[in-house]
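Each chain is listed here by its residues.
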Amino acid sequence: MSDQIAFSLDAEFAAELDRADPLRRFRNEFVISDPDLIYLDGNSLGRMPRATAERTRTLVAHEWGVGLVRSWGNGWFDAPAAIGAKIARLIGARPDEVVVADSTSVNLFKLAIAALCARPNRRTIVTDEFNFPSDLYVLQGAATLLGQGHHIEMARSPDTVHMPNEVITKCIDSDTALVSLTHVAFKSGYLYDMQSITAAAQDAGALVLWDLSHSVGAVPLELKRDNVDLAVGCSYKYVNGGPGAPAFIYVRRDLQTELRNPISGWMGQQAPFNFELHYQPQSDIRRFLSGTPPMISTAAVEAGADLLLEAGMEPLREKSLLQTEYLIYLFDRKLAPLGFTLGSPRAGSQRGSHVSIRHPDGLRIDKAMIHAMNVVPDFRAPDNIRLGITPLYTTFREIHTAITRIERVVERRLYEQFSDDAPTVT
Ligand SMILES: *Cc1c(COP(=O)(O)O)cnc(C)c1O
């Protein structure tokens, strides 16, 4: 890989890397309305696959328009588990361990409550300051709701970029009920050692719940090999499922009957259409469903997952690593001299698929990139500009041009015309 490749600064070198890219045809599978726009925010909302337009059009016009309620019996009802089985292949799980449902936040709530109830004599939830705030809020809410004095132990990073294993593992003890972490940190992109942390939690008798939102479709995962207990993940980032597309829930096979879904709605009932008066959960992963699936966006998740399966997670990871490494090479030579610091790990083995670059004027630079340079990164306070690499459609040439445009914005101080008032959405 990159240790065999001597990178070079010129644009022709980027074009060469694009020509040699075995995944280059996948860019054509996406709607690209402005070829000059450099979209580096696929880690927030992935681009739209062409197949999605067709799939959702068929669903609306035929399955809903013509089939009406009959379509529930023609694939809709089974979709959460069937599409879950495809996601299972992306994350190295068994097909009957994943269902598509609800949002990541709601799924995290369901599994956190289920886990805490399964460890009734323990009172500590271990998490860390890199976790996505929504996850922390949900854990705080779960602790409050149970009213049993659960305490949240929040591990701190030594350097704001890395979260070494031992920082987490030393928080775990015989009072730990649950360890809940995000596998790739949303700000620095730090990639956790899933296998070791999972084993450490289990050795202490705790359950472990991973949020895969920044991992699924970005890095290969081996949930079965790593014996992961529980996981949730998002489908509108690297899975390209569309805005607000339903998320997924993973529960290891042997835990499924032991855990109870606290939102015990009819879709998790043994036989929903028997309309029994008392809840009897499904005996499999479907017990973690609650209500009726949103079919239009559920179908869109499948279109996104199909592209990832076709490309393969190993080739995607290989390209992603080469691209983030190339980006860091350009960063060191062009942006570091302008006052930027790297906000992501240098070691590829510890990095997901985005690179954060930090600058005291980060917010204004981010705005200038979007409004004056036709580059879309995003900004995470206090000073992180995130550059999301989505190997299905990001080109090396785009990375080269984006860095050149950032360099121009800073050298010519073009960002000074933008305010540093925080926008509502970044
Ligand atoms: C994107 C993301 C979410 C999103 O949660 P929603 O419920 O879809 O809003 C949750 N957790 C992590 C780690 C994320 O990156």
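Read on for an overview of the structure. Treat the numbers as computed from the prediction; the structure is a model and nothing was measured. (Residues numbered from 1 in each chain as written. Predicted model: local features only at pLDDT ≥ 70, side-chain atom pairs only at ≥ 80, totals over all residues. Heavy atoms only, no water.)

Where helix α3 (residues 79-90) meets helix α8 (residues 295-311), the axes come as close as 10 Å, and the angle between the chain directions of the two elements is 25°. The angle between α3 and α8 falls in the class roughly parallel. In the crossing of α3 with α8, the sense of the turn from one axis to the other is left-handed. Taken together, the residues of α8 that come into contact with α3 (itself represented by Ala79, Ile83, Lys86, Ile87, Arg89 and Leu90) are Met295, Thr298, Val301, Glu302, Ala305, Asp306, Leu308 and Leu309. Among the residues making up the contact of α3 with α8, the classes are represented as nine nonpolar, one polar and four charged. (Axes fitted to C-alpha atoms, helices over the stretch in contact; angles between N-to-C directions. Helix = DSSP H or I, 4+ residues; strand = E, 2+ residues; numbered from the N terminus. Parallel < 35°, antiparallel > 145°, perpendicular 65-115°, else oblique. Left-handed = near helix turned anticlockwise from the far one by under 90°. Contact = heavy atoms within 4.5 Å. Nonpolar A, V, L, I, M, F, W, Y, C, P; charged D, E, K, R; others polar.)

The end-to-end C-alpha distance of helix α11 (residues 396-411) is 23 Å, a good match for the 22 Å that 16 residues give at a rise of 1.5 Å each. Phi for Arg413, located one or two positions after α11, is positive at around 50°. (Expected span 1.5 Å × (residues − 1).)

Per the stated rule, a full pass over the model turns up 15 aromatic pairs. For the ring pair Phe7 and Tyr326, a centre distance of 5.5 Å and an interplane angle of 55° mean the geometry is tilted. Linking Phe7 in the segment before α1 (11-19) with Tyr326 in helix α9 (residues 313-335), this pair joins segments that are 319 residues apart in sequence. The exposure class assigned to Tyr326 is buried, which follows from its relative accessible area of 0%. On the numbers, 5.1 Å between centres and 75° between planes, the contact of Tyr190 with Tyr192 is edge-to-face. (Phe/Tyr/Trp six-rings, centres within 6.5 Å; stacked < 30°, edge-to-face > 60°. Buried < 20%, exposed > 50% of the residue type's maximum accessible area, 1.4 Å probe, protein only.)

Taken together, Ser103, Thr104, Ser105, Phe132, Asp135, Thr182, Asp211, Ser213, His214, Tyr236 and Lys237 make up the full set of residues adjacent to the ligand. Here His214 contributes a side-chain N or O atom positioned 3.0 Å from an oxygen atom of the ligand. The separation between an oxygen atom of the ligand and a polar side-chain atom of Tyr236 is 2.7 Å. Counted by class, the shell around the ligand contains two nonpolar, six polar and three charged residues. (Near = heavy atom within 4 Å. Polar contact = N/O pair within 3.5 Å; in protein donor to acceptor, adjacent residues only side chain to side chain.)

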